[in-house]
Amino acid sequence: MAHTLSIESTAPHRVVDLSSDAVQQARRELAACFQLAARFGFEEGICNHFSALVPGHHDLFFVNPFGYAFREITAARLLVCDFDGHVIDGEGQPEATAFFIHARLHRAQPRIAAAFHTHMPNATALCLLEGPPLLWLGQTALKFYGRTAVDECYNGLALDNSEGDRISAALGDADLLFLKNHGVMVTGPNIAEAWDDLYYLERAAEVQLKAMASGRPLQRIPHPVAQRAYEQMRLGDPASARAHLDSMLRLLQRDGVVF
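In this report, the structure presented in the accompanying data block is examined. (Residues numbered from 1 in each chain as written. Predicted model: local features only at pLDDT ≥ 70, side-chain atom pairs only at ≥ 80, totals over all residues. Heavy atoms only, no water.)

1. Examining the sheet that holds strand 8 (residues 183–188)
Okay, step 1: Pairing is mixed across the open sheet formed by 8 strands, whose spatial order is 4-3-2-1-5-8-7-6. Pairing within the sheet leaves two strands with one partner each, and these edge strands are strand 4 (87–89) and strand 6 (148–151). Direction aside, neighbouring strands of the sheet carry axes that sit 25° apart on average.
Okay, step 2: Of the strands in this sheet, strand 1 (49–54), strand 2 (57–63), strand 3 (79–82), strand 4 and strand 5 (114–118) touch helix 1 (residues 21–39), which is tilted by about 170° from strand 1.
Okay, step 3: Running over the sheet, helix 4 (residues 161–171) touches strand 6, strand 7 (176–179) and strand 8 and is turned about 120° from strand 7. (Pairing = 2+ DSSP bridges. Helix = DSSP H or I, 4+ residues; strand = E, 2+ residues; numbered from the N terminus. Axes fitted to C-alpha atoms, helices over the stretch in contact; angles between N-to-C directions. Contact = heavy atoms within 4.5 Å.)

2. Focus: helix 4
Okay, step 1: Taken as a whole, helix 4 has its buried residues at Glu 163, Gly 164, Ile 167, Ser 168 and Leu 171. Within helix 4, the buried residues cover an arc of 140° as seen down the axis, which keeps them to one side. Exposed residues lying more than 90 degrees from the buried face of helix 4 are Ser 162 and Ala 169.
Okay, step 2: Buried residues along helix 4 sit against helix 2 (96–108), strand 6, strand 7 and strand 8.
Okay, step 3: Looking one or two residues past helix 4, Gly 172 carries a phi angle of roughly 60°, positive in sign. (Buried < 20%, exposed > 50% of the residue type's maximum accessible area, 1.4 Å probe, protein only. Arc of directions from axis to C-beta.)

3. A few points about the pairing of strand 6
Okay, step 1: Residues Ala 149 and Asp 151 of strand 6 are buried on one face, while the alternating residues Thr 148 and Val 150, pointing to the opposite face, are not.
Okay, step 2: With 4 bridges joining them, strand 6 and strand 7 adopt parallel strand pairing. Each residue of the ladder has a partner; that of Asp 151, found in strand 7, is Leu 179.

4. Overview of unusual backbone geometry
Okay, step 1: In this structure, Asn 181 takes a positive phi of about 65° despite not being glycine.
Okay, step 2: Note on placement: Asn 181 falls in the loop between strand 7 and strand 8.
Okay, step 3: Look at Asn 181 and you get partly exposed, because its relative accessible area is 46%.

5. Regarding the packing of aromatic side chains
Okay, step 1: Summed over the entire model, instances satisfying the criterion amount to 13 aromatic pairs.
Okay, step 2: Note on Phe 34 and Phe 70: the rings are 4.9 Å apart at their centroids and 90° apart in plane angle, and the pair reads as edge-to-face. Placement of the pair is Phe 34 in helix 1 and Phe 70 in the loop between strand 2 and strand 3, with a sequence separation of 36 residues. Exposure class is identical for Phe 34 and Phe 70. Each is buried.
Okay, step 3: With a centroid separation of 5.1 Å and 65° between ring planes, the pair formed by Phe 99 and Phe 100 is classed as edge-to-face. In this structure, Phe 99 and Phe 100 share a single accessibility class: buried. (Phe/Tyr/Trp six-rings, centres within 6.5 Å; stacked < 30°, edge-to-face > 60°.)

6. Quick word on the nonpolar core
Okay, step 1: Judged by nonpolar contacts, the single largest core of 51 residues is most densely connected at Leu 30, Phe 50, Phe 116, Ile 191, Trp 195 and Leu 201.
Okay, step 2: Element by element, the count of residues in this core is highest for helix 1, at 10 residues.
Okay, step 3: Each residue touching Ile 191, except ones within four places of it in the same chain, is listed here: Ala 26, Glu 29, Leu 30, Cys 33, Ala 52, Ala 114, Phe 116 and Leu 245.
Okay, step 4: In this structure, Ile 101, Leu 105, Ile 167 and Ala 174 belong to the second largest nonpolar core, which totals 12 residues. (Core = buried A, V, L, I, M, F, W, Y, C linked by side-chain atoms within 4.5 Å.)

7. Observations regarding the pattern of salt bridges
Okay, step 1: For the coordinates displayed, the defined rule picks out 19 salt bridges.
Okay, step 2: For Arg 27, the salt bridge identified is with Asp 89, shortest N-O distance 2.6 Å. Taken as a pair, Arg 27 in helix 1 and Asp 89 in strand 4 lie far apart in primary sequence, 62 residues in all.
Okay, step 3: With a relative accessible area of 28%, Asp 89 lands in the partly exposed category.
Okay, step 4: A salt bridge links Arg 166 to Asp 151, with the shortest nitrogen-to-oxygen separation between them at 2.8 Å. Linking Arg 166 in helix 4 with Asp 151 in strand 6, this pair joins segments that are 15 residues apart in sequence.
Okay, step 5: Assessed through its relative accessible area of 26%, Arg 166 is described here as partly exposed.
Okay, step 6: Residue Asp 151 is classed as buried on the basis of its relative accessible area, which comes to 5%.
Okay, step 7: Salt bridges here are not isolated pairs; linked through shared partners, they connect Arg 111, Lys 143, Arg 147, Asp 175, Asp 196, Asp 197, Arg 234 and Asp 237. (Salt bridge = Lys/Arg side-chain N within 4 Å of Asp/Glu carboxyl O.)

Right, dumping it as structure tokens:
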């Protein structure tokens, strides 16, 4: 299912300073997110991918190398790539769809500092249903009220720039994209908020599927209440996301996980 990337042009000779504290922190946090995603069952073989802009370098991004499961990803194993597919730092190449999706997304939308693409089971299951994927049934789902978009047109693998551009356009101004018949893309202004949304999206999807499986009528939340709850949540989301990721980092360290 995964594909190797082939770039015809020669990599430019470029010396980039990647030693700053901000760069090292981003490396470590992104690597931790791979470990956490593996721990919670969000990965699928070697096919999913996370990226984050390199602090201080608006045209470079971190991404996982082809051929490694999420639990194998460490800060040292992450690649630094430019938007043309050249590896500036690290060993290996990005997976082809990872490059064509993430490079085009970051290039087209500089607001996106982190982009997480997974086929995590519950959120992906919602992508296989006709109609709106996420319903406004529970409090956790309201974290995403008005923040989602849906790509209704599955178009095969993202193996060229045009498909990456199409996915970026489908996302638009939203933060989360449900890719019908495929999976989800979660984006954020930083790694902590992207992780926080990824985690709670899968939880909201899990609870929704359990409610749907009961066969009983679903209790929807009226728009005024949903909007008010969303606004209440968003006020504290940045701080909550930071605390959430910090907590997860402590748990990984406690368990001796190398990231």
